[in-house]
Amino acid sequence: MEPYKYEKSREWFDRALKVVPSGVYGHLGPAEGNFIPVDKWPLLGSRAQGTYCWDVDGNRFIDYMCAFGPNILGYNDPDVDGAAMEQMKICNCTTTPSYKMVELAELMVDTVTSADWAFFAKNGGDTTTAAVMCARAHTHRKKIVFVGGFYHGVAPWTQKVDYPGVLPEDVANNLYIPWNDTAAFENIIAENEGEIAAFISTPYMHGNYLDNELPAPGYWQKIRELCTKHGIVLIIDDVRCGFRLSLEGSDAFYGFEADLICFCKAIANGWNVSALCGKEFMKAAMCSLSYTGSYWLSAVPFAAGIANITKMKALKLPELLREKGIKVCEGLKAAAANNGFDLVVSGEPSLFYLRTANDGSLFLHQEWVAEMMQRGVFVTSHHNHFINYALSDEDIALTLEIADECFGIVAKNNPKYFG
């Protein structure tokens, strides 16, 4: 297959550099160091449909990043977008919130096992910050326990003290323990008795640049027990996993209930809304916060969220995503083995993570990812991937065909590993 070229993408990126810091920022920006080599990657897009996206050069990609998660049904889903357009005709951002806010909150409470209420915002980081503030308001304590390798957004409290713009006092009350280590949690509670407001974690470890790791048997049940015993608020960051593992919440999927649970990416299939849901006993603390945003109560994303959740329920979507994810993961492992690669696949099938283990670094894997990108499969070397409903068996077959070709190219270019 002839490799893609990105002349227009580079032209647009050069224009962006003049008016946008870093040109393209965040995970999708080359300044982050995730695009190696940079000339193998598209930098600006033009359109998307179903499971595909196109760059400004007209190259089509089977998109396994799904806009880093929001695309769960398929880009431009007619039911979700139709509901959004109908609401657009009536109102969107208004002085008083639309009744659609109430309808979506009722649907979230009806859907998510641990939800007695829902508070809406725009980004996942809005909800994790709200959850920490709510926990501190409820407990009148300062300290927060994190799991090493975490990602809970980009607010200063979620970062490290040596990061630009982050002050020591921003992270002064952060405590850190390893994943799947309940003994470490017991120890840190003992060392900070009566001072810990909350324990915050994703439902399984899906941090960047490392293999994903599922919870050990009984892990969450023990964490729940310790939080209850010591008056610590249990916060689950379900921003990535939410609705892909279970429509009832990923805490329910793993057999426990959170006190606060954060949703964003998959609520409305790309329409911008996030939600913090919580138990009844946390409601008064949430009411006490001064926390809002200019567009947080926009009606159009609420209408989209209602249509999206309703459709996911009708489809029993998590089961379908798991089935598709298993096909992709097993096929990629077979294509890798066919070319002498040791491909490590980790995490849940609907949010899988990939790593080539032949060379003990990311470089060989990054080379394979770059070849995949140039042949129309959008994957990454540092982040978990996402499955969407629009992904067909034909798309999966083409993905595996391209993967086999790209593994072969990399093996040929690196004879010291595949001699």
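Draft legend 1. Fine view of the side chain of Asp77. One can find Asp77 in the loop between strand 3 (60-63) and helix 2 (78-90). Ignoring any residue separated from it by four or fewer positions in sequence, one finds Asp77 in contact with Gly82, Asn269 and Lys311.

Draft legend 2. How the structure looks around helix 2. Between its terminal C-alpha atoms helix 2 stretches 19 Å, which fits the 18 Å expected from 13 residues at 1.5 Å a residue. For helix 2, the set of buried residues is Val80, Asp81, Ala84 and Gln87. The buried residues of helix 2 occupy an angular sector of 125° when the element is viewed end-on, so they sit on one face. With respect to the buried face of helix 2, the exposed residues turned more than 90 degrees away are Pro78, Lys89 and Ile90. Contacts made by the buried residues of helix 2 are with helix 3 (100-111) and helix 9 (299-315). Two or three places before Asp79, at the opening of helix 2, Asp77 has a side-chain oxygen 3.1 Å from that residue's backbone nitrogen.

Draft legend 3. A look at the environment of Trp296. Considering the arrangement of structural elements, one finds Trp296 in the loop between helix 8 (283-288) and helix 9. With 174 residues separating them along the chain, Trp296 and Lys122 place their C-alpha atoms 5.8 Å apart.

Draft legend 4. View of the domain arrangement of the chain. One can read the domain layout of the chain as domain 1 (7-75 + 317-418) and domain 2 (78-315). One C-alpha centre belongs to domain 1, the other to domain 2; they are set 27 Å apart. Taken together, the contacts link 31 residues of domain 1 with 27 residues of domain 2. Together domain 1 and domain 2 conceal approximately 2,400 Å² of surface at their shared face, both sides included; 55% is due to carbon and sulfur atoms. The tally of links between domain 1 and domain 2 comes to one salt bridge. A salt bridge links Asp211 to Arg355; the shortest N-O distance between them is 2.7 Å. Connecting domain 1 to domain 2 are 20 residue pairs in polar contact (both at pLDDT 80 or more). Of all elements in the fold, only helix 10 (317-338), strand 11 (343-346) and strand 12 (353-356) reach the threshold of two or more residues within the side of domain 1 that touches domain 2.

Draft legend 5. View of the confidence of the model for the chain. For the chain, mean pLDDT is 96; residues scoring 70 or higher make up 100% of the total. Looking across the chain, the model is least confident in helix 13 (residues 415-418), with a mean pLDDT of 86, and most confident in strand 8 (residues 233-237), with 99.

Draft legend 6. Examining the packing of aromatic side chains more closely. Enumeration according to the criterion identifies 26 aromatic pairs in this entry. Grouped by ring-pair contacts, the aromatic residues Trp179, Phe185, Phe199, Tyr219, Trp220 and Phe256 constitute a single cluster. When the ring centre of Trp12 is taken as reference, the NZ or CZ atom of Arg15 above it lies at 4.2 Å. Sitting over the ring of Tyr52, Arg60 keeps its end group 3.9 Å from the ring centre.

Thresholds applied
Residues numbered from 1 in each chain as written. Predicted model: local features only at pLDDT ≥ 70, side-chain atom pairs only at ≥ 80, totals over all residues. Heavy atoms only, no water. Helix = DSSP H or I, 4+ residues; strand = E, 2+ residues; numbered from the N terminus. Contact = heavy atoms within 4.5 Å. Expected span 1.5 Å × (residues − 1). Buried < 20%, exposed > 50% of the residue type's maximum accessible area, 1.4 Å probe, protein only. Arc of directions from axis to C-beta. Polar contact = N/O pair within 3.5 Å; in protein donor to acceptor, adjacent residues only side chain to side chain. Domains from an automatic or database assignment. Buried area = accessible area lost by both parts, 1.4 Å probe. Salt bridge = Lys/Arg side-chain N within 4 Å of Asp/Glu carboxyl O. pLDDT = per-residue confidence, 0-100. Phe/Tyr/Trp six-rings, centres within 6.5 Å; stacked < 30°, edge-to-face > 60°. Lys NZ or Arg CZ within 6 Å of the ring centre and 35° of its normal.

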